[in-house]
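As a plain string of letters, each chain reads:
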Amino acid sequence: MGILRCPVCKNVMIENEQGMVCLKNHRFDRASSGYVNLTIGSKQRKSGDEKAMIIARSEFLGKGHYRPLLDALIQRMKLLPFILGLDLGCGEGYYTQAIAEAFPESSWTGVDLSVDALKKAGKRSHNVRYLAASIRDLPIQDTSIDLTLNIFAPLFLDEITRVMRPAGYAVFVLPNEDHLLELKEALYPVVRLNPAAPEAIEGFETVGFDDVSFEMNLSNQDLLHLLQMTPYVHKSPKESLDRLKTLASLHVRASFRILCVTKIVKKDA
Ligand SMILES: [Zn+2]
């Protein structure tokens, strides 16, 4: 039984070399880099800002600065039985690809709205299925997924609940209070901590969580890439951004919570 759902009529879709087709013959072609575009209408994002962010993120992640997070994520996932995984907001597939390789028995689908990111993702992958679609309205059948992964992507919990199989798992990576504190200190005269990451999410039962914190020694170029990955690049005054550009290097703490939950299965009274 396939997990794919037609974005037009919601019927089951089957996949082949050329792309995907549903029972009612709605067809979606596979791009040369491998992903299938399931966005309908003009919902898909495309902006120069976004391209800059994708390049910066690829460079930054490619240098392994967030590798300790990836390793901790894999350790947590080793505790969970799953085959079908879904990476929500997978971007260029840095995590998706590494996780698919760490769990060779599993089968992964990555979803992102950014075609530019998926072009990169598709090129690096042969065993992950990449879909251009909104994570707000997933082209995925109800109760078909064993494990959803959400790394810094917006949370659409109803949609996660819909696609998770009963007793399936959802894994979230969320920023902790002191995440990128030194970067903020370099930009702002007064710095506020992030809100504390939750230990639970309404409608789900917590399986466990891991706090992962590590210090990165970042070069000037790393800093500029990291900045580009954050909202601070748009929110900071020009003087602050100019000052950051003059820093030769900076120690910056990365601090995440990996929160693993399972769907509460409602029992009949
Ligand atoms: Zn259809």
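Please read all numbers here as calculations on a predicted model, not as lab measurements. (Residues numbered from 1 in each chain as written. Predicted model: local features only at pLDDT ≥ 70, side-chain atom pairs only at ≥ 80, totals over all residues. Heavy atoms only, no water.)

**Some remarks on the packing of aromatic side chains**
Point 1. Tallied over the entire structure, the rule returns nine aromatic pairs.
Point 2. With 5.3 Å between their ring centres and 80° between their planes, Phe60 and Tyr66 make a pair best called edge-to-face.
Point 3. Measuring from centroid to centroid gives 5.5 Å for Phe152 and Phe256, while their planes differ by 35°, and the two rings are tilted. Residue Phe152 is located in the loop between strand E8 (145-151) and helix H5 (157-163), and its partner Phe256 is located in strand E11 (residues 249-263); the two are separated by 104 residues in the primary sequence.
Point 4. A relative accessible area of 41% places Phe152 in the partly exposed class.
Point 5. Since its relative accessible area comes to 0%, Phe256 is described here as buried.
Point 6. The ring centre of Phe209 lies 4.2 Å from the NZ or CZ of Arg257, which sits over that ring. (Phe/Tyr/Trp six-rings, centres within 6.5 Å; stacked < 30°, edge-to-face > 60°. Helix = DSSP H or I, 4+ residues; strand = E, 2+ residues; numbered from the N terminus. Buried < 20%, exposed > 50% of the residue type's maximum accessible area, 1.4 Å probe, protein only. Lys NZ or Arg CZ within 6 Å of the ring centre and 35° of its normal.)

**A few points about the pattern of salt bridges**
Point 1. Across all of its chains, the model carries 15 salt bridges by this definition.
Point 2. Linking Arg162 and Glu159 is a salt bridge whose minimum nitrogen-to-oxygen distance equals 2.8 Å. One end of the pair, Arg162, and the other, Glu159, are both in helix H5, three residues apart, so they sit about a helical turn from each other. Grouping residues by exposure puts Arg162 and Glu159 together as buried.
Point 3. The shortest N-O distance in the salt bridge between Asp242 and Lys238 comes to 2.7 Å. (Salt bridge = Lys/Arg side-chain N within 4 Å of Asp/Glu carboxyl O.)

**Digging into the side chain of Ser144**
Point 1. Relative to the helices and strands, Ser144 resides in the loop between strand E7 (128-132) and E8.
Point 2. At 2.8 Å, the side chain of Ser144 forms a polar contact with the backbone oxygen of Gln141. (Polar contact = N/O pair within 3.5 Å; in protein donor to acceptor, adjacent residues only side chain to side chain.)

**Let's talk about the nonpolar core**
Nonpolar side chains in soluble globular proteins tend to end up buried together.
Point 1. Counting 53 residues, the largest nonpolar core has Tyr66, Leu73, Tyr95 and Ile99 as the members making the most contacts within it.
Point 2. Beyond its immediate sequence surroundings of up to four residues, Tyr95 is in contact with Leu61, Tyr66, Leu69, Leu70, Leu73, Ile151 and Phe152.
Point 3. Ile145, Val163, Ala170 and Ala197 belong to the second-largest nonpolar core, a separate cluster that totals 30 residues. (Core = buried A, V, L, I, M, F, W, Y, C linked by side-chain atoms within 4.5 Å. Contact = heavy atoms within 4.5 Å.)

**Here we look at the coordination of the zinc ion**
Point 1. The coordination sphere of the zinc ion, as far as protein atoms go, consists of Cys6 (SG), Cys9 (SG), Cys22 (SG) and His26 (ND1), spread over 2.1 to 2.3 Å.
Point 2. Its four donor atoms give the zinc ion angles of 101 to 115° at the centre, a pattern that matches the tetrahedral case.
Point 3. Binding-site remark: the zinc ion is held by donors from one chain whose sequence spacing is C-x2-C-x12-C-x3-H. Taken together, the residues Cys9 in the segment before strand E1 (13-15) and His26 in the loop between strand E2 (19-22) and strand E3 (27-29) connect sequence positions 17 residues apart.
Point 4. Residue classification places Cys9 among the partly exposed residues on the basis of a relative accessible area of 23%.
Point 5. His26 gets classed as partly exposed once you look at its relative accessible area, which sits at 26%. (Donors = N, O, S within 2.8 Å, 3.2 Å for Na, K, Ca; no water. Tetrahedral: all angles 85-135°; square planar, octahedral: opposite > 155°, others 65-115°.)

**A few points about the packing of helix H7 (residues 220-229) against helix H9 (residues 238-246)**
Point 1. Contact pair H7 / H9: the axes reach a minimum separation of 8 Å and the direction vectors enclose 150°. From H7, Asn220, Leu224 and Leu227 reach across to H9, where they touch Leu241, Leu244, Lys245 and Thr246.
Point 2. Its residues assigned to classes, the contact of H7 with H9 shows four nonpolar, two polar and one charged. (Axes fitted to C-alpha atoms, helices over the stretch in contact; angles between N-to-C directions. Nonpolar A, V, L, I, M, F, W, Y, C, P; charged D, E, K, R; others polar.)

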